[in-house]
Amino acid sequence: MVVTSSLLPPASLEKLKTIEDRIAYKYSQDRIDQGLDQDGNDIDSYHNKNDGDDNDDQALMNWLFKTLVKLEETAPPEEEENEDGTVITEETQEEKKYRQEHEQLTDRVSACVAHFCGRAASGAMTRTWTFRSTPSQSLQIHDPSFTGGDVGFKTFGSAYLLSKHIAQGDVPQLEPWTSESSPSTTQLPLPKILELGSGTGLVGFTAALYSNPQGPKVILSDYHPNVISTLHHNSKLNHLDNKCDIRLLDWRDILRKRKLRWNAWQNKGDQKQEQDKKTTAPHRSTEYDNIAPSSIPKTTPDEETDCQELPESDRMDLIIGAEVVYDHGHAELVAHVVDEYLKKDLISQDSQIPPEQRCPAFHIMFPLRKTHADVIADFDFWMDKMGLVDRRQAKEWGREDGETTFLYHWREYVRKEHLSV
């Protein structure tokens, strides 16, 4: 085997390093935080305007493919083996070094190609997210590869924006409050917090960082076992096991229980069915119609116990969720789950405490995609049926993985009866 002094010329190695740096910046927090104008356009583009076509994605992809061809042409031969698997001819140290360098270089070029094919193809990554609070706080979040599952494999832009609002003190249910006149007797109870559809966990872990360490553990939830594994990994990565409780939660089970409960009341002729009429309110067709009350058999005593309403003491003061409504089925499910878990009573009856801190709330962040406008309309429909109204809302531009920009919508929902507090 002929061993060359260099697999690629210095200029090519320098260009490869430049591409790697560009990809790293693309997914970095610095890039995601880079300013956008009122129309969502870059204030300062990270592309070097003097680079011309050489910096175009397609041109870079072409160069990477040509480089892979060159590497293939200079690939070391496969090692010959006997039938028992032993190598016939041992490589020299120089040949082993060449093989290792070739494999490393091929992996680097291939990784760049994968990144240009989109986040789903780019593999696992671990990023540090820093919040500029006083004092500042940081989280390391591992995004697994797409092959590990088709859900929860990336940290969405909406998750980062909602996390920033938490860090900036924009979620009043997380803010401590104590009476100056009577600090020993008047204070806000420490909140019980639930995150829905946690994914990689950035939002829930941020809530854990900024909530009172003496309070209940923040509950992070998702329905997919692979996502639960990622959440446990990221919890350990940030030493938050003592502040977080990670749970498997399938929203379909909640809807099924609510409809079982309604069916049990209906079978008994209980007038309480009026209280839960929202469970069977007229609605647009979704994939969950197959578990409508009419299709559920009569409940047994054990099932009736299992589908009882949550006691008020088990309900949440604060529910948070980012990118949790992206199809019609989710629009219905999220509304039911929030209604099931959000406290019905005020967090505190003490009128000295500001009203916005006394109301249990659901904070949600999602991108305003034109293709999903009807899904959000369904979500509005279902939240209204649950008696949940948005007390506050705001819109802001943000980035998805440093490239695509979206106008994001942040809403705070409370129970309708709490609006007068």
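Coordinates for the structure precede this section.
Residues numbered from 1 in each chain as written. Predicted model: local features only at pLDDT ≥ 70, side-chain atom pairs only at ≥ 80, totals over all residues. Heavy atoms only, no water.

**Description of the overall build of the protein chain**
Alright, step 1. Per the secondary structure count, the protein chain includes twelve helices and nine strands.
Alright, step 2. Looking at the 421 residues of the protein chain, the share that counts as buried comes to 48%.
Alright, step 3. Considering only contacts in the protein chain between residues 6 or more positions apart, those separated by 24 or more positions represent 75%.
Alright, step 4. Carbon and sulfur atoms provide 49% of the accessible area of the protein chain, an area that totals close to 21,400 Å². (Helix = DSSP H or I, 4+ residues; strand = E, 2+ residues; numbered from the N terminus. Buried < 20%, exposed > 50% of the residue type's maximum accessible area, 1.4 Å probe, protein only. Contact = heavy atoms within 4.5 Å. Areas by Shrake-Rupley, 256 points an atom, 1.4 Å probe, with all protein chains shown as cover.)

**Digging into the pairing of strand S9 (residues 404-415)**
Alright, step 1. A large share of S9 lies buried, amounting to nine of its twelve residues.
Alright, step 2. As paired strands, strand S7 (residues 361-367) and S9 are joined by six bridges and run antiparallel to one another. Looking across to S9, one finds that Phe362 is bridged to Tyr413.
Alright, step 3. Of the pairings in the sheet, the one linking strand S8 (residues 388-400) to S9 comprises twelve bridges and is antiparallel in character. Residue pairing in the sheet places Glu396 in a bridge with Tyr408 of S9. (Pairing = 2+ DSSP bridges.)

**As for the pattern of salt bridges**
Alright, step 1. Summed over the entire model, instances satisfying the criterion amount to 22 salt bridges.
Alright, step 2. Here Asp21 ties to Lys17 by a salt bridge, and the two come within 2.8 Å at their closest N and O atoms. One end of the pair, Asp21, and the other, Lys17, are both in helix H1 (residues 10-26), four residues apart, so they sit about a helical turn from each other.
Alright, step 3. The exposure class assigned to Lys17 is partly exposed, which follows from its relative accessible area of 42%.
Alright, step 4. Lys259 is paired through a salt bridge with Glu332; the nearest N and O atoms lie 3.9 Å apart. Note that Lys259 is positioned in helix H8 (residues 251-268) and Glu332 in helix H10 (residues 328-341), a separation of 73 residues in sequence. (Salt bridge = Lys/Arg side-chain N within 4 Å of Asp/Glu carboxyl O.)

**Things to note about the sheet that holds strand S3 (residues 193-195)**
Alright, step 1. Here seven strands make up an open sheet; going across it, the order is S5-S4-S3-S6-S7-S9-S8 and the pairing mixed. With one partner strand each, in any of the chains shown, strand S5 (244-248) and S8 form the two edges of the open sheet. Averaged over all pairs of adjacent strands, the angle between their axes in this sheet comes to 20°, without regard to strand direction.
Alright, step 2. Of the strands in this sheet, S3, strand S4 (218-222), S5 and strand S6 (318-322) touch helix H6 (residues 202-210), which is tilted by about 175° from S4.
Alright, step 3. Its contacts with the sheet place helix H7 (residues 225-237) against S4 and S5, and it is angled at close to 170° to S5. (Axes fitted to C-alpha atoms, helices over the stretch in contact; angles between N-to-C directions.)

**Brief notes about the environment of Thr405**
Alright, step 1. Along the polypeptide, Thr405 turns up in strand S9.
Alright, step 2. Through-space distance from the C-alpha of Thr405 to that of Pro367 is 9.3 Å; in sequence the pair is 38 residues apart.

**Considerations on the environment of Leu333**
Alright, step 1. Among the structural elements, Leu333 can be located in helix H10.
Alright, step 2. For Leu333, a relative accessible area of 2% gives the class buried.
Alright, step 3. Remark: the alpha-carbon pair of Leu333 and Arg252, spanning 81 residues in sequence, is separated by 6.9 Å.

**As for the packing of H1 against helix H4 (residues 93-116)**
Alright, step 1. Two elements in contact, H1 and H4, have axes separated by 10 Å at closest approach and are oriented at 45°. Taken as axis vectors, H1 and H4 run oblique relative to one another. Handedness of the H1/H4 crossing: left-handed. In this structure, H1 contributes Leu13, Leu16, Lys17, Ile19, Glu20, Ile23 and Lys26 to the contact, and H4 contributes Leu105, Arg108, Val109, Cys112, His115 and Phe116.
Alright, step 2. In terms of residue class, the contact of H1 with H4 is built from eight nonpolar, one polar and four charged. (Parallel < 35°, antiparallel > 145°, perpendicular 65-115°, else oblique. Left-handed = near helix turned anticlockwise from the far one by under 90°. Nonpolar A, V, L, I, M, F, W, Y, C, P; charged D, E, K, R; others polar.)

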